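# Understanding the architecture of this molecule
This is what each chain is made of:
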There are 2 protein chains.
Amino acid sequence: MGKAYNIMAATCPSRTVLHRIGARWTVFVVNALEHGPMRFTELKAHIREITPKALTETLRAMQADGLLSRTDLGGNPPHVEYALTDLGRSLLVPLRAVRQWAEAHVPDILAAREQASAEDAY
Amino acid sequence: MGKAYNIMAATCPSRTVLHRIGARWTVFVVNALEHGPMRFTELKAHIREITPKALTETLRAMQADGLLSRTDLGGNPPHVEYALTDLGRSLLVPLRAVRQWAEAHVPDILAAREQASAEDAY
DNA sequence: CTGTATCCCTATGGATACTG
DNA sequence: CAGTATCCATAGGGATACAG
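The name given to chain A in an unreviewed UniProt entry is HxlR family transcriptional regulator, with Amycolatopsis thermoflava as the source organism.

## Observations concerning the protein's contact with DNA strand C
Neighbouring DNA strand C are 18 residues, the closest being Arg24 and Lys53 of chain A together with Arg39, Arg70 and Tyr82 of chain B. Within the side chain of Thr41 of chain B, an N or O atom sits 2.9 Å from a phosphate oxygen of DNA strand C. Backbone polar atom of Pro78 of chain B to a sugar or linking oxygen of DNA strand C: 3.2 Å apart, as the coordinates give it. Only α3 (40–46), α4 (52–64) and β3 (80–84) of chain B provide two or more residues apiece to the surface near DNA strand C. A per-element tally of the surface near DNA strand C places α4 of chain B first, with four residues. Split by residue class, the surface near DNA strand C holds eight nonpolar, four polar and six charged.

## A word on the interface of chain B and chain A
On the side of chain A, 50 residues touch chain B, which itself brings 50 residues to the contact. Summed over the three residues of chain B that lose the most area to chain A, namely Met8, Trp101 and Arg113 of chain B, the buried surface amounts to 16% of that side. At the surface where chain B touches chain A, the tally comes to two salt bridges. Salt-bridge contacts for Arg113 of chain A lead to Asp65 of chain B; the nearest nitrogen and oxygen are separated by 2.6 Å. At the junction of chain B and chain A, the tally comes to 14 residue pairs in polar contact (both at pLDDT 80 or more).

## Some thoughts on the protein's contact with DNA strand D
What surrounds DNA strand D is a group of 18 residues, the closest being Arg39, Arg70 and Tyr82 of chain A together with Arg24 and Lys53 of chain B. At a separation of 2.8 Å, a phosphate oxygen of DNA strand D approaches a polar side-chain atom of Arg39 of chain A. Tyr82 of chain A has a polar side-chain atom sitting 2.5 Å from a phosphate oxygen of DNA strand D. Those elements giving two or more residues to the surface near DNA strand D turn out to be α3 (40–46), α4 (52–64) and β3 (80–84) of chain A together with α4 of chain B. Looking at side-chain class alone, the surface near DNA strand D contains eight nonpolar, four polar and six charged residues.

## As for the pairing of β3 of chain A
Every other side chain in a regular strand lies on the same face of the sheet, so the side chains alternate between the two faces. All names here are of chain A. Burial runs high along β3: four of the five residues are buried. In this structure, strand β1 (residues 38–39) lies alongside β3, joined through two bridges in antiparallel fashion. Note that in β3 the partner of Arg39 across the bridge is Glu81. Strand direction decides the pairing type here: strand β2 (residues 68–72) and β3, joined by five bridges, are antiparallel. In the sheet register, Ser69 faces β3, and the bridge partner there is Ala83.

Cut-offs and rules
Residues numbered from 1 in each chain as written. Chains lettered and ligands numbered in written order. Predicted model: local features only at pLDDT ≥ 70, side-chain atom pairs only at ≥ 80, totals over all residues. Heavy atoms only, no water. Near = heavy atom within 4 Å. Polar contact = N/O pair within 3.5 Å; in protein donor to acceptor, adjacent residues only side chain to side chain. Helix = DSSP H or I, 4+ residues; strand = E, 2+ residues; numbered from the N terminus. Nonpolar A, V, L, I, M, F, W, Y, C, P; charged D, E, K, R; others polar. Contact = heavy atoms within 4.5 Å. Buried area = accessible area lost by both parts, 1.4 Å probe. Salt bridge = Lys/Arg side-chain N within 4 Å of Asp/Glu carboxyl O. Buried < 20%, exposed > 50% of the residue type's maximum accessible area, 1.4 Å probe, protein only. Pairing = 2+ DSSP bridges.

Right under this line is the structure:
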């Protein structure tokens, strides 16, 4: 028995999974929920610059993929909590690494970009 | 001295880095180059379903970010090789983990999606 | 072989306002 | 508080054909 799924196969469903992981805001939501559940407004404040529309769409998609749970605690005003499922927490491991890589290598990337645009000038 | 860069800060340049990492085809190119340099056509064959246009744009962007090198070996027909730089190889670590997560959890995600769409039916 | 050049299209996301 | 509802703009990417 070899590998069941392979990213490099054109029609492999792992591609749709990868596409969801790579979606603009998924990595933000996953990292934001690292330390426990959050409410809609908390997430919005934590992930700055995200619009309610984008946040809603990201949350719905992640919920459909079983990455997070939505708990409506009722009351008025409403109280809804979002939390990572076990599956979502397992995704936290690689995505935290991605986040850390991005934060760690900002200077390298910026330097490379600057040099690339400088070379364009000639 | 605290963390220099933080994904969650609205204007942090790490966001542009993350955006590049999350770009549609970056993860494919990085993983494809894991075991050494490849030529344009090799990459295109390896990453199935990618158009030459998308591949070119991805390669140029990664090159500008210092993630890969492009070596023109001349000749006719032309011979160009793409390889990960040291920086690109460091990105390989987290992105290989992402790839493996995606391939490993296809059944979980597909099951969750099926259940979600089944619930919608009511 | 290694790309460019077009054309087109739709999905993503921003801005804004509003509702239960 | 937790979203919906619109409208809109743009960039990314697909299809196809062609060039050095």
